Amino acid sequence: IIGVGTIIFTDEGVGVYAAQYLSQNYDFDENVTIVDGGVLGFGLMTYYQDYDYVFILDTITIDDNSGSIYVIPSEELLGLGSYKQTAHEVEIVEMLEICSLLEKIADITIIGIVPDDIQTVEVNLTKTLKTQFSNFIDETLKQLDKINVGYKKNQNNFTLDYIIQNYANPQTTRELRND
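I will try to describe carefully the structure that is included in this document. (Residues numbered from 1 in each chain as written. Predicted model: local features only at pLDDT ≥ 70, side-chain atom pairs only at ≥ 80, totals over all residues. Heavy atoms only, no water.)

Next up on the list: the overall build of the protein. The secondary structure content of the protein amounts to seven helices and seven strands. Walking the protein from its N terminus toward its C terminus, one meets helices and strands in the order β-α-β-β-α-β-β-α-α-β-α-β-α-α. Of all 179 residues assigned to the protein, the portion counted as buried reaches 48%. Long-range pairs, those at least 24 residues apart, make up 76% of the contacts in the protein with a sequence separation of at least 6. Looking at the protein as shown, the accessible area adds up to about 8800 Å², and 46% of this sits on carbon and sulfur atoms. (Helix = DSSP H or I, 4+ residues; strand = E, 2+ residues; numbered from the N terminus. Buried < 20%, exposed > 50% of the residue type's maximum accessible area, 1.4 Å probe, protein only. Contact = heavy atoms within 4.5 Å. Areas by Shrake-Rupley, 256 points an atom, 1.4 Å probe, with all protein chains shown as cover.)

So, in structure tokens, the structure goes:
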């Protein structure tokens with residue numbers, strides 16, 4: 001599970017927050033890795049080759065209502081030019097195009113949510129995406145259920161607001177990542 005995005009541009013950070021939320025509030029089978037992909041782009045290519053399934057949590061620039069959630073297999077994404085709106089979206093699609101030429105590539109799925117604001121410089125999410133966040137998490141868990149990935153809710157109860165408020169703090173981020 002790779003959460004991508006830039007937390008300093010409001011809704012653009014939703015994928016990173018979702019990955020952190022899942023990491024902190026759920027226990028997964030030992031073969032599941034949750035990655036803060038940020039804007040690593042091509043640096044994530046090894047995950048596409050080393051794993052059987054990869055889920056990318058991200059915003060997706062589609063002409064639809066903010067907060068709408070899409071599940072897009074990589075083969076559909078390759079033909080979806082309108083997805084390529086931000087720098088990391090371009091990198092993701094280009095990386096998928098390169099990986100499609102390799103002998104082994106994971107079954108890659110984008111779980112995307114239409115942002116309301118990816119231009120304002122603010123470490124936060126808009127009200128629309130905060131409202132839809134639990135549906136975004138539920139959709140991710142639903143996709144994991146489809147491939148029989150085991151997980152359970154743990155004793156933590158880190159809220160989305162807690163994740164957002166504390167993720168940008170370097171000390172808290174280290175503590176969150178080490179839990």
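Moving on from the model shown.
Time to look at the environment of Val-149. For Val-149, the location among the structural elements is in the loop between α5 (127-146) and β7 (151-153). Each C-alpha atom of the pair Val-149 and Glu-30 lies 9.9 Å from the other, and the pair is 119 residues apart in sequence. Beyond its immediate stretch of four places on either side in the chain, Val-149 contacts Asp-29, Val-32 and Leu-144.

Using the criterion set out here, one finds six aromatic pairs in the structure. Pairing Tyr-21 with Phe-133 gives two aromatic rings, centres 5.4 Å apart and planes at 85°, and the pair type is edge-to-face. With Tyr-21 in helix α1 (residues 14-25) and Phe-133 in helix α5, the pair connects residues that are 112 residues apart, well separated along the chain. The exposure class of Phe-133 is buried, given its relative accessible area of 4%. Summarising the aromatic geometry, the rings of Phe-28 and Tyr-151 are spaced 6.0 Å apart at their centres and angled 40° between planes, so their arrangement reads as tilted. Here Phe-28 is found in strand β2 (residues 26-28), whereas its partner Tyr-151 is found in strand β7, with 123 residues between them in sequence. The rings of Tyr-26, Phe-28 and Tyr-151 are connected pair by pair, giving a single aromatic cluster. (Phe/Tyr/Trp six-rings, centres within 6.5 Å; stacked < 30°, edge-to-face > 60°.)

Function cannot be read off these values alone, since they describe shape.
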